[in-house]
Amino acid sequence: MALTHPRRALAPVALLSVTGLLTLTGCGGNSSAQDGASGSGTLKVGVLFPGSLSDGGFMESAYRGYQRAAQEHKGKVAFSKVEQVQAADYEQALVRFATSSDLVISLGGQTDAAVRKVAARFPKVKFAEIGGPADGKPTANLALYDPQQAEAAYLSGAAAALLSKKKTVGFVGGAELPAIVNAAKEFERGAKAVEPDVKVLTPQYVGDFNDAAKAKQSALADYSAGADVLGQILNLGQNGVVQAAAGKGGTLIGGPIPAECGTAKAYAASVETDIGAEIEYSTEQLVKGSWKAEAVHFGLTFDTPQNDIHLCDTADPSVAKKLDEVKADITSGKVKTR
């Protein structure tokens, strides 16, 4: 299935070292700054990536948007980032960004408590959280951007149920955060919507989005329990599910970055969610002077749709047709996810 919106190619962006802004290597963080002028009129944006920028998942998808935004606003906005930060150090990283940035962006619901605390301490600095609790409320200087992981999970559940030959599917989440728990519920809703008799196993939560070994164990348990297609919200941990699928003859629904079906035969399909579009959106609003502390829901109902489903070539054409109907129901508002 084709994307419903165009993608811009990633232009190479030079990386410069940060001097005195973030020195987090002692607490597990890696920091750098991206191309940006140092003049007094330059806006500054700092981004906290808790995970790896090459995780093949949420963080990498977000980083692609970071790169696009840095290229788009070159000379107007100076970007800096920190990646692979331990939970105990989120607050420290955000404080250091806040002391020198106009806008601070944090990725992932795991940063919710820290970003709310730091935003309250720096009322003149703009903050944006991407992927926090779907029912969270913005504050005076904190915007909340929902990438609609629940919507993506609904699509994933529908695809899993339609592709399952055993009519048994499962879901593996990285951590038992509110947004991930909600996504697991939407995965089941999507599965039952298209195949009412499908069996959906109890969701499994690994406890770490990047632990491939634990994710493999969870996936093996589901495949052994009768599932042949699994949905997931994992980062590096997705590799463990691929390994389990290969060993058990099962498949999985990939995402948020689509997998190469030909080279990774364990993938039956992928849900694509453009997390980076939210970094672009926040930066664009900052540059225009129209930034607001608002709650914005992206996904299929956004002006430029940010979710899609990609089936591998072996899928039955009738599955693609049914999933197009599911997408249309979401876009029209007939189906609502949260």
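All of the points below concern the structure found in this document. Worth saying up front: this structure is predicted, and the values here are computed from it rather than measured. (Residues numbered from 1 in each chain as written. Predicted model: local features only at pLDDT ≥ 70, side-chain atom pairs only at ≥ 80, totals over all residues. Heavy atoms only, no water.)

1. A closer look at the nonpolar core
- Counting 38 residues, the largest nonpolar core has Leu163, Val169, Ile253, Leu311 and Leu323 as its most contacted members.
- The element best represented in this core is helix α4 (residues 149–163), accounting for 10 residues.
- By size, the runner-up hydrophobic cluster in this structure holds 28 residues, among which are Phe58, Tyr63, Ile275 and Phe298. (Core = buried A, V, L, I, M, F, W, Y, C linked by side-chain atoms within 4.5 Å. Buried < 20%, exposed > 50% of the residue type's maximum accessible area, 1.4 Å probe, protein only. Helix = DSSP H or I, 4+ residues; strand = E, 2+ residues; numbered from the N terminus.)

2. So, the pairing of strand β7 (residues 142–146)
- Burial within β7 is extensive, with five of its five residues counted as buried.
- Alternating positions in β7 separate into two faces, Leu142, Leu144 and Asp146 on one and Ala143 and Tyr145 on the other, with burial throughout.
- Sheet analysis places β7 next to strand β14 (residues 295–297), joined by three bridges and oriented parallel. In the strand pairing of β14, Leu144 is matched with Ala295. (Pairing = 2+ DSSP bridges.)

3. So, the packing of aromatic side chains
- With the rule as written, the count across this model stands at 10 aromatic pairs.
- Relative to Tyr66, the ring of Phe49 lies with its centre 5.7 Å away and its plane at 75°, an arrangement referred to as edge-to-face. Here Phe49, found in strand β3 (residues 43–49), pairs with Tyr66, found in helix α1 (residues 58–72); they are 17 residues apart in sequence, far enough to count as distant. The same class applies to Phe49 as to Tyr66, namely buried.
- Ring centres of Tyr145 and Phe298 lie 5.9 Å apart, and the angle between their planes is 80°; this geometry places the pair in the edge-to-face category. (Phe/Tyr/Trp six-rings, centres within 6.5 Å; stacked < 30°, edge-to-face > 60°.)

4. Details of the pattern of salt bridges
- In the structure shown here, the tally under the stated rule is 11 salt bridges.
- Ionic pairing is found between Lys167 and Glu195, a salt bridge with its closest N-O pair at 3.6 Å. Note that Lys167 is positioned in the loop between α4 and β8 (168–173) and Glu195 in the loop between α5 (178–194) and β9 (199–200), a separation of 28 residues in sequence.
- Since its relative accessible area comes to 32%, Lys167 is described here as partly exposed.
- A relative accessible area of 24% places Glu195 in the partly exposed class.
- In this structure, Asp308 and Lys327 form a salt bridge, with 2.7 Å as the shortest nitrogen-oxygen distance. (Salt bridge = Lys/Arg side-chain N within 4 Å of Asp/Glu carboxyl O.)

5. Thoughts on helix α7 (residues 238–248)
- All of the buried residues in α7 are Gln238, Gly240, Val241, Ala244 and Ala245. Down the axis of α7, the buried set is contained in an arc of 150°. They therefore lie on one face. Residues Ala246 and Gly247 are exposed on α7 and point more than 90 degrees away from its buried face.
- Those residues of α7 hidden inside the fold are in contact with α6 (212–224), β11 (229–233), β12 (251–254) and β13 (267–273).
- Once α7 finishes, Gly249 follows within two positions and takes phi at roughly 75°, a positive value. (Arc of directions from axis to C-beta. Contact = heavy atoms within 4.5 Å.)

6. Comments concerning the state of the cysteines
- Tallying each qualifying case throughout the model produces one disulfide.
- Covalent S-S linkage joins Cys261 and Cys312, the inter-sulfur distance amounting to 2.0 Å. Between Cys261 and Cys312, the S-S torsion sits near -75°, and that sign places the bridge as left-handed. Of the two residues, Cys261 sits in the loop between β12 and β13 while Cys312 sits in the loop between β15 (307–311) and α9 (317–332), which places them 51 residues apart along the sequence. (Disulfide = S-S within 2.5 Å.)

7. A few points about the side chain of Thr111
- Structurally, Thr111 is set in the loop between β5 (103–107) and α3 (112–121).
- Since its relative accessible area comes to 0%, Thr111 is described here as buried.
- A polar side-chain atom of Thr111 sits 2.8 Å from the main-chain carbonyl oxygen of Gly108.
- Setting aside anything within four residues of it in sequence, one finds Thr111 in contact with Leu48, Pro50, Tyr90, Ser106 and Glu129. (Polar contact = N/O pair within 3.5 Å; in protein donor to acceptor, adjacent residues only side chain to side chain.)

8. Points about the side chain of Ser61
- The residue Ser61 is located in helix α1 in this model.
- Classification of Ser61 as buried rests on a relative accessible area of 5%.
- If we ignore the near neighbours within four places in the chain, the residues touching Ser61 are Pro256, Ile257, Thr273, Asp274, Ile275 and Gly276.

9. A word on the packing of α1 against helix α8 (residues 276–288)
- For the pair α1 and α8, interaxial distance at closest approach is 6 Å and the crossing angle is 35°. Considering the relative orientation of α1 and α8, their crossing is right-handed. Between α1 and α8, the contacting residues are Ser61, Ala62, Gly65, Tyr66, Arg68 and Ala69 on the first element and Gly276, Ala277, Ile279, Glu280 and Thr283 on the second. (Axes fitted to C-alpha atoms, helices over the stretch in contact; angles between N-to-C directions. Left-handed = near helix turned anticlockwise from the far one by under 90°.)

10. Quick look at the pairing of β5
- Burial analysis of β5 places five of its five residues in the buried class, the great majority of the element.
- Alternating positions in β5 separate into two faces, Leu103, Ile105 and Leu107 on one and Val104 and Ser106 on the other, with burial throughout.
- Across four bridges, β3 lies against β5 in parallel orientation. Counted as the bridge partner of Val45 is Leu103 from β5.
- Sheet analysis places β5 next to strand β6 (residues 126–130), joined by five bridges and oriented parallel. By the bridge assignment for β6, Val104 is matched with Phe127.
- Note on the crossover from β5 through α3 to β6: the handedness is right-handed. (Right-handed = clockwise from strand over helix to strand, strands pointing away.)

Such coordinate-based values are descriptive only and should not be taken to indicate function.
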